[in-house]
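Fold and geometry: a report
Single-letter residue listing:
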Amino acid sequence: MDERRLKHIYIALAVLFGLPSLLLGAVGAFIAAMMGVFAFIRVDADSLRFGSGLLLWGLAGLSGLLAWVMLSTFWLREGFAGLRAAWSGWWWQLALGMLATLPMLVLALTYFSELGLTVLNGLFAGPSLLVPATVLFWLRWLGPASSAAQGRDHA
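Think of each chain on its own: its residues are numbered from 1, step by step along the sequence as written. Only residues with pLDDT of at least 70 are given local features in this predicted model, and only at 80 or more are side-chain atom pairs given and counted; all residues enter the totals for whole chains, interfaces and linings. Working from all heavy atoms in the structure, the side-chain values ignore hydrogens and water.

**A look at the packing of aromatic side chains**
For Phe, Tyr and Trp, where Trp contributes only its six-membered ring, two rings pair if their centres lie within 6.5 Å, and the inter-plane angle classes them as stacked under 30 degrees, edge-to-face over 60, or tilted in between. Scanning all chains against the criterion turns up five aromatic pairs. Here the aromatic rings of W87 and W90 are separated by 5.7 Å at their centres, their planes lie at 90 degrees, and the arrangement is edge-to-face. On the basis of an interplanar angle of 55 degrees and a centroid distance of 5.2 Å, the ring pair of W91 and F137 is categorised as tilted. Of the two residues, W91 sits in helix α3 (residues 88-110) while F137 sits in helix α6 (residues 130-142), which places them 46 residues apart along the sequence. Among the aromatic residues, those joined into a cluster by ring pairs are W91, F137 and W141. Both a distance and an angle decide whether a charge sits over a ring: NZ of Lys or CZ of Arg must be within 6 Å of the ring centre and within 35 degrees of the ring normal. The lysine or arginine in question, K7, covers the ring of W75, its NZ or CZ lying 5.8 Å from the ring centre. The ring of W141 has R140 lying over it, and the distance from NZ or CZ to the ring centre is 4.8 Å. Numbering of helices and strands runs from the N terminus, with a helix taken as a DSSP run of H or I at least four residues long and a strand as a DSSP run of E at least two residues long.

Structure below.
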């Protein structure tokens with residue numbers, strides 16, 4: 001499949017799965033981070049542990065969302081060469097953000113039998129971003145070996 005067709009498929013996945021997660025997940029991650037900050041007001045061991053966890057979880061989610069936006073931009077503007085030339089920190093942040101969505105995915109799948117279709121709200125608050133993020137990882141590491149293989153010569 002050529003790069004142009006892959007970009008069109010990626011745009012469809014990003015709109016269907018990525019944008020809802022970007023909007024809902026960013027709000028949720030920001031709220032989690034702020035709850036973590038506010039938990040530091042009470043200085044006891046339990047609230048410090050709870051606050052640290054929420055703060056780290058929220059920041060991991062926000063950094064993953066930012067990394068997804070950046071890597072998606074690299075892919076759509078520069079193709080395979082852009083993904084390969086991207087700073088490795090973006091990839092680590094995206095992986096961290098993907099890990100941060102796993103608790104939401106587990107909660108959504110655990111309570112699906114009780115809540116029914118309303119659990120879809122939880123799936124679109126972060127875990128649906130796993131689809132386009134996994135595609136980016138797949139394009140980066142399983143795509144053509146070099147941009148010269150596509151007939152282009154980007155240095």
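There is more to say after this.
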